[in-house]
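# Examining the three-dimensional arrangement
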Amino acid sequence: MSERPSRAGAVRLVRTSAAVVVLCALPFYLDAFWLRIGLFSMAAAIGAVGLGLLSGTAGQLSLGHAFFLAVGAYGYVWLAGEPGPGLPTAVAAVLAVLLAGAAGGLFSPVAGRVRGVYLGVATLALVFLGHHVLLTADSVTGGFNGRSVPPLELGGFSFSAASELTLLGVPFGAEERLWYLGIALFALTWFTARGLLRGRPGRALAALRDSETAAAVMGVNVARHRSAAFVVSSMYAGLAGVLLALSFRRVVPDYFGLVLSVDYLAMIVIGGLGSVAGATAGAVFVTALPLLMTRYADQLPLVAAPGTTDGTVGPTEAARYLYGAAIVLILLFAPDGLHGLVRRLRARLRPHLPRCRAAPPPAGTASASPPPTSTARAKEPTP
């Protein structure tokens, strides 16, 4: 019995190590297009994990996730750029995440007392208010045209193509350098979120989602935990906004609209509410699908190439139709999302997987008495 958990831990460690090695090797083989898809997906996964903690675990509906992404992105641009304080970019990135958390803290009294559709409407107001501020505060945001993003520098190393860098004969530009930054930030998000879910805060938030009355009886401070969930989710969104700004290299107000908030809701619904792995899978699906359809639009039926005006469906609209259909199918046939679907498939396949047999006893030794016939059964053939 003691060997089984250790074996499972060893398998998990090997699987995680293999995934890290593969991710670190990809910049040596993929071109810039695929690396951009990976960067956008990692940034979306960070934000989706935060929204999953808020909506999937704590049960709080939020339509204002785009607002906190904008706070992180524009906070970094203003703190590190000109006009602005011109702080070191690493300090500006940390302060931008804290600024997004502070914005969530200012809204947390509302989140602590309002729930359900009413909280969704309240957070929806943040998106419209934030978009108006981004368009009118020209000195900070650059107005309609936005602002260019200062490249991040850590210890004299720049995450841009300004300086030449070649590793193993492969030139490393901005995408290759930002790839490793994205892996580090996503790993930080993954482990901190899983730690929260498996610890007392995660159990308290799950209790709030199931029944506030029962959670209060067990000693959970309802308003404080709901407010804290909103602040943590806002900080994850701010971190995602910083990585998105570095990947885009220019931020514009129109990107941080209501459509972006709906996209994030689609990510956590498709991936599975309350699951870090599910939020990641949903983020990759929703982010990569329109980019892939834009690139291969000329090879897809019923999809027009970008820029054409012949009345056919564009790749972005077609991608939204597809993951809208995916949401409907998941709600009907797999309410726990892709993560729950994979978990059920594993449970079905586990009885058919080969198992290790015990070593036969040495020759000449007495064998143990056979088990009672009532507990023995014939081994079923593998289909």
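Since the structure is predicted, the reported quantities are computational estimates derived from the model, not experimental observations. (Residues numbered from 1 in each chain as written. Predicted model: local features only at pLDDT ≥ 70, side-chain atom pairs only at ≥ 80, totals over all residues. Heavy atoms only, no water.)

Judged by side-chain polarity, Val91, Val94, Leu95 and Leu98 come together as a nonpolar surface patch covering roughly 320 Å² of accessible area. Within the fold, leucine 95 resides in helix H4 (residues 89–113). (Patch = residues over 30% accessible without salt bridge, like charges linked within 9 Å, V, L, I, M, F, W, Y side chains within 5 Å. Areas by Shrake-Rupley, 256 points an atom, 1.4 Å probe, with all protein chains shown as cover. Salt bridge = Lys/Arg side-chain N within 4 Å of Asp/Glu carboxyl O. Helix = DSSP H or I, 4+ residues; strand = E, 2+ residues; numbered from the N terminus.)

Quick look at the side chain of serine 108 now. Looking at where serine 108 falls in the secondary structure, it is placed in helix H4. Discounting residues that sit within four places of it in the chain, serine 108 has contacts with Ser227 and Val231. (Contact = heavy atoms within 4.5 Å.)

Our next topic: unusual backbone geometry. Following glutamate 82, the chain continues into proline 83 via a peptide bond in cis, with omega recorded as 0°. With respect to the helices and strands, the residue proline 83 is situated in the loop between helix H3 (65–80) and H4. Of note, the phi angle at arginine 249 is positive, near 70°, even though the residue is not glycine. Examined against the element boundaries, arginine 249 turns out to sit in the loop between helix H10 (222–248) and strand S6 (250–251).

With that out of the way, let us pick up the environment of alanine 44. Within the secondary structure, alanine 44 sits in helix H2 (residues 32–57). Not counting residues up to four positions away in its chain, the partners in contact with alanine 44 are Tyr264, Met267, Ala283 and Thr287.

Glancing now at H2. The end-to-end C-alpha distance of H2, which contains 26 residues, comes to 36 Å, matching closely the 38 Å that a straight helix rising 1.5 Å per residue would cover. Along H2, the sharpest change in direction is near 30° and occurs at leucine 51. In terms of burial, H2 is a largely internal element, 23 of the 26 residues being buried. (Expected span 1.5 Å × (residues − 1). Bend = angle between axes of the 7 residues up to and from the residue. Buried < 20%, exposed > 50% of the residue type's maximum accessible area, 1.4 Å probe, protein only.)

So, about the nonpolar core. Core analysis: the largest hydrophobic core is formed by 89 residues, its most contacted members being Leu69, Tyr76, Leu246, Val251, Phe256 and Tyr264. Of all the elements, H2 adds the most residues to this core, at 13 residues. When sequence neighbours within four positions are dropped, the list of residues in contact with leucine 246 reads Tyr76, Val149, Pro150, Leu152, Leu178 and Leu181. (Core = buried A, V, L, I, M, F, W, Y, C linked by side-chain atoms within 4.5 Å.)

What describes two packed helices is the angle between their axes and the distance between those same axes. Where helix H11 (residues 258–271) meets helix H14 (residues 337–349), the closest approach of the two axes is 3 Å, and the angle between their N-to-C directions is 15°. Relative to H14, the element H11 lies roughly parallel. Mapping the contact onto sequence places Val269, Ile270 and Gly271 in H11 and Gly337, Leu338 and His339 in H14. Classifying every residue of the contact of H11 with H14 gives 3 nonpolar, 3 polar and no charged. (Axes fitted to C-alpha atoms, helices over the stretch in contact; angles between N-to-C directions. Parallel < 35°, antiparallel > 145°, perpendicular 65-115°, else oblique. Nonpolar A, V, L, I, M, F, W, Y, C, P; charged D, E, K, R; others polar.)

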